Amino acid sequence: MSTPAAPDSPLPDLVVVGSGFFGLTIAERCANELDLKVLVLERRHHVGGNAYSEREPETGIEVHKYGAHLFHTSNERVWEYVNRFTDFTNYQHRVFGKYDGQVYSLPLNLSLINVFFGKSHTPDEARALIAEQASEFRTEDASNLEEKAISLIGRPLYEAFIKGYTAKQWQTDPTELSPDIITRLPVRYNFDNRYFNDKYEGLPVDGYTAWLERMADSPNIEVRLETDFFDVRDEFQGKVPIVYTGPVDEYFGNSEGRLSWRTVDLEAEVVDVDDFQGCSVMNYNDQGVPYTRIHEFKHFHPERTYLPGKSVIVHEYSRFAEETDEPYYPINTAEDREKLLRYRDLAKKEPMTLFGGRLGTYKYLDMHMAIGSALSMYDNKLKPHFTEGAPLTSGGVDE
């Protein structure tokens, strides 16, 4: 979007590292509300972080390059804010799962229970059935993920819909995973198969990239693409405030050890059919199937006109992230939490530097959560600093 500035260029008022939703929300608010000159540094060749999308060239179908992104929120302020940059479709996310040759409606609901057990149940009958099957373990006594899941939904549903999928996600037998990984496994004792419960839901009419580029479209914002913060940090560190949204362990040179993440491998393919699977996302719950799910992206925007006889599908595989992989989901082991506390202590001592976003806080944040967190940082830290001279002190990486 822009070329590197000349060495004698004046310093910006604020440097934002990373152009995902957190970083761009900070940049947009400071540029447009406070009239600050904001420099956004982005390592990739595009803005938008993992929400970036682009049209597949043969079919014109919009593909989310880093995995499916579904926008939903019940936060009124976030909803009002995002609607400044894009209109939303009325898309409601619904997921289906394939197990042992049959397709089921997810999440766990009355339809799934009836099909799986081959019998029609009333809500009360289904509730009693699951309670009986879940009595094998007491939730408070569960020593691993498998026992906890069984205590919540019973063994038959666990073995069909949780065991294999979880093993593929974590590359670990569920009996060796901590029960803390799952806090709850809700079962809906009705036929509601809407995946999210939020008040607002939809997809950006013009796509994610158009939305994100509008956020950065300000004369007060300069975006430098393909620029690694660590190559230029000496130009800005200690001279101007910095909001850093990259990996917190990388910022400190992994001095307290690398934090562990899961990543996903995404394999896109153009297929010669109008409709490959009949829905946007199909989970594959059998452990013998190597991928966790298949996305078919034309179903995200059924209102668009597409080239007949073609579709784009993406197989998703989950595994532990290596050093050069894109981190997606924090694993958050006890060892990770100990490292994170040490990184928080280091972050608190960093002058004029705030840490935010998914990577900067080592939290998995949905898009609306990242935006809400950025708005809070703007309200509580950046605006008071720039308008009232309040000291800019980091609260560590747990903003």
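Every chain begins its residue count from 1, and numbering advances along the sequence as written. Where local features are concerned, this predicted model is filtered to residues with pLDDT of at least 70; where side-chain atom pairs are given and counted, the filter is 80 or more; whole-chain, interface and lining totals use all residues. With hydrogens and water excluded, all non-hydrogen atoms of the structure serve as input to the side-chain values.

Trainee: What's the story with the UniProt feature "domain: UDP-galactopyranose mutase C-terminal" (unreviewed entry) in the protein in this structure? I'm lost.
Mentor: As annotated by UniProt and renumbered to match this structure, "domain: UDP-galactopyranose mutase C-terminal" (unreviewed entry) occupies residues 160-364. Secondary structure elements follow DSSP: runs of H or I of four or more residues count as helices, runs of E of two or more count as strands, with numbering from the N terminus. When the span residues 160-364 is considered, its composition is 24% helix and 21% strand, and the gap between its end C-alpha atoms is 26 Å. UniProt positions are given in the numbering used here, feature names are shortened, and annotations may be inferred rather than shown by experiment.

Trainee: In this structure, what is going on with the sheet that holds strand β9 (residues 221-224)? I would like to understand it.
Mentor: Two orientations exist for strands paired in a sheet by backbone hydrogen bonds: parallel and antiparallel. Read from one edge of the open sheet, five strands run β9-β2-β1-β10-β16, paired in parallel fashion. Among the strands making up the open sheet, the edge pair consists of β9 and β16 (353-355). With direction set aside, neighbouring strand axes in the sheet form an average angle of 20°. Only when DSSP finds a minimum of two bridges between them are two strands counted as paired. Note: strand β1 (residues 14-17) against strand β10 (residues 242-244), three bridges, orientation parallel. For Val16, the partnering residue across the bridge sits in β10 and is Val243. Simply put, an axis is a line fit to the C-alpha atoms, just over the touching stretch for a helix, and the angle between two N-to-C directions goes from 0 to 180 degrees.

Trainee: Which parts of the structure should I look at to understand the side chain of Thr263?
Mentor: Examined against the element boundaries, Thr263 turns out to sit in strand β11 (residues 261-271). A polar contact is formed between the side chain of Thr263 and the backbone oxygen of Glu326, at a distance of 2.5 Å. A contact between two residues is defined here by any heavy atoms of the two lying within 4.5 Å. Ignoring sequence-local partners within four residues, the contact set of Thr263 consists of Tyr317, Ser318, Arg319, Phe320, Ala321, Asp325, Glu326 and Tyr328. Distance and chemistry together define a polar contact, namely a pair of N or O atoms within 3.5 Å, with one atom able to donate a hydrogen and the other to accept it when in protein, and with adjacent residues in sequence counting only for side-chain atoms on both sides.

Trainee: How should I be thinking about helix α7 (residues 163-170) in this particular structure?
Mentor: Structural remark: α-helix, 3.6 residues per turn; residues separated by three or four positions point the same way. Exposure classes here rest on a 1.4 Å probe applied to the protein chains alone. A residue is buried below 20% of its type maximum, exposed above 50%, and partly exposed in between. Counting buried residues along α7, six of its eight residues qualify, which places the element largely inside the surrounding structure. If you follow the buried residues of α7, they end up packed against α5 (145-153), α6 (155-161), β11, β12 (281-284), β13 (293-296) and β14 (311-320). In the stretch just after α7, Gln171 is the one whose phi turns positive, near 55°.

Trainee: Even after reading the chapter, I still don't get the sheet that holds β13, so can you show me in this structure?
Mentor: Read from one edge of the open sheet, seven strands run β7-β6-β12-β13-β14-β11-β15, paired in mixed fashion. Of all the strands in the sheet, just β7 (102-106) and β15 (329-330) have a single pairing partner and so form its edges. Two elements, β11 and β14, share 10 bridges in a ladder whose sense is antiparallel. Bridge pairing links Val270 to Val312 in β14. Its contacts with the sheet place α7 against β11, β12, β13 and β14, and it is angled at close to 75° to β14.

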